[in-house]
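Below, each chain spelled out in residue letters.
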Amino acid sequence: METERDSGPDRPAGAPIAMSAPIQRTMPSDFSIAVRPGNGADLPGGPVHGARRQPMRGFEDTYTDIVDYIVRITHRIWEDQDVGYIYDTYSPGCRLYDDSGLRYGVEGLVNGTIQSINAFPDCRHYADDVIWAGDEDQGFVTSHRAINIGHHTGPWRWGPPTGRRLETWVIANCVVRENEIYEEWVLYNTAAKLAQLGIDVYEAARAFGNEGGAVPFANRNVTEVERLVGGRKPQPYPAADPSAGFDLEHTVRALFHDTYNRRDLSAIDRAYAPNVRWHGTTNRTGYGRADVRGMARNLLATFPDLGMQVDEVYWMGNDRDGYAASVRWTAVGTHRGYGMYGRPTGRRVHLWGISQLYFSAGRIVEEWTLFNEFDVLAQLLRDDPPAR
């Protein structure tokens, strides 16, 4: 069963405007359509594909539900290496956001996929989870986390094959309607891949920036993230209505605003379980609230004027079984502090990320977060262009 709800509370006068306007979307109220019940491509004796489990107007008959669709098209494109199937499952003018910024059109996606498969031809892509929302009228949104395991046996832009083993994870958020993905936000965990292959991440990022791979901040289609409104101090996020029960949307937006805009790290203690498991960019891992606070402190120390906004939230679940939520966010800051990336460069950078948050009894018990760290390094480390 699914329920229709407004994804966000009404905002009273004076509330922070750093958070983007909510979007109405149908959220699945349970986990009956999910990865774990088992409807992927590789299960021997699994369900007969083609028996629809939810309305999917315009989709190929073989797909049982939206999770089955995302998992199996990924398998067909990457593992069966039917790269041309991208033409059938992506719109010709699709919008693609990754570490390199915004790109348009399916041909760039086809080329990038072939390049990646050529470098890692035996790479396996295991669906770890898919968080989804929407319906056939609104379109579906999916947040697909996958584990990638393979060997570097082909050339790529960073050099000749190393023969080394790769094991990392990625997140791709897609917007899809009638069998076509028309918008995708994907983070490939690039710095983790390079580090595992013995490549100097900082030098690679500098070269990437010098070659024009990192779009200069001034040329990015990024609006200023408003943390200080009209020169006033940042206010705490408005309190939730206690009579309304657990409000996931409010909890997420309050957490991001209070932590990163208000600089209230105690918000982490209120939102996270004491024994939370945390997985971060470049294969960082942690356990407990202290590790979550440590990562937040590092970001704020590195970019002292950091401002963050939540761009999109959707989820599945209920109070009894818990919730799985996808959060896409944007941040802007200036490298003026000593934190994650050494001596301050004074450069303004754009960060964006995807967080998958798992709730039990109203607290976050697990988090998977990626952001465009390699792109951030390229923005910071590129050499200044020569004077004209």
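The rules behind these values
- Residues numbered from 1 in each chain as written.
- Predicted model: local features only at pLDDT ≥ 70, side-chain atom pairs only at ≥ 80, totals over all residues.
- Heavy atoms only, no water.
- Pairing = 2+ DSSP bridges.
- Helix = DSSP H or I, 4+ residues; strand = E, 2+ residues; numbered from the N terminus.
- Axes fitted to C-alpha atoms, helices over the stretch in contact; angles between N-to-C directions.
- Contact = heavy atoms within 4.5 Å.
- Parallel < 35°, antiparallel > 145°, perpendicular 65-115°, else oblique.
- Left-handed = near helix turned anticlockwise from the far one by under 90°.
- Nonpolar A, V, L, I, M, F, W, Y, C, P; charged D, E, K, R; others polar.
- Phe/Tyr/Trp six-rings, centres within 6.5 Å; stacked < 30°, edge-to-face > 60°.
- Buried < 20%, exposed > 50% of the residue type's maximum accessible area, 1.4 Å probe, protein only.
- Lys NZ or Arg CZ within 6 Å of the ring centre and 35° of its normal.

In the annotation of an unreviewed UniProt entry, the protein chain is listed under the name Ester cyclase and assigned to Actinomadura miaoliensis.

Q: With reference to specific residues and values, describe the sheet that holds strand β3 (residues 90-98).
A: Here we have six strands laid out as an open sheet, ordered β4-β3-β8-β7-β6-β5, and mixed in their pairing. Edge positions in the open sheet fall to β4 (101-104) and β5 (124-135), since each of these has one partner strand only. Between one strand axis and the next, the sheet turns by 15° as a mean value, whatever way the strands run. Here strand β7 (residues 165-177) pairs with strand β8 (residues 180-187) via seven bridges, running antiparallel. Within β8, the position partnered with Val175 by the bridge is Glu183. The strands touched by helix α1 (residues 66-79) are β5, β6 (139-151), β7 and β8; relative to β5, the strand with the most contacts, the crossing angle is about 145°. Along the sheet, helix α3 (residues 106-119) contacts β3, β4 and β6; its crossing angle with β3, the most-contacted strand, is approximately 65°.

Q: I'd like to hear about the packing of helix α5 (residues 201-210) against helix α9 (residues 373-381), residue by residue, with values.
A: One can describe the packing of α5 onto α9 by two numbers: an axis separation of 7 Å at closest approach and a directional angle of 70°. One finds that α5 runs roughly perpendicular with respect to α9. Crossing geometry of α5 relative to α9 is assigned as right-handed. Contacts between α5 and α9 involve Val201, Tyr202, Ala204, Ala205, Arg206, Phe208 and Gly209 from the first element and Phe374, Leu377, Ala378 and Leu381 from the second. For the contact of α5 with α9, a count of residues per class yields nine nonpolar, one polar and one charged.

Q: An account of the packing of aromatic side chains is requested, with residue identities and associated values reported.
A: The final tally for this structure, using the stated rule, is 16 aromatic pairs. Aromatic pair Phe246 and Tyr323: ring centres 5.5 Å apart, planes at 45°, arrangement tilted. Within this pair, whereas Phe246 is found in the loop between α5 and α6 (248-261), its partner Tyr323 is found in strand β12 (residues 322-334), the two being separated by 77 residues in sequence. With relative accessibility at 24%, the residue Phe246 sits in the partly exposed group. Connected via pairs of aromatic rings, a cluster forms that spans Phe59, Tyr63, Tyr69, Trp132 and Phe140. In this structure, Arg76 packs its charged tip against the face of Tyr85, placed 3.6 Å from the ring centre. Here Arg157 stacks its cationic end above the ring of Trp158, 4.8 Å away from the centre of that ring.

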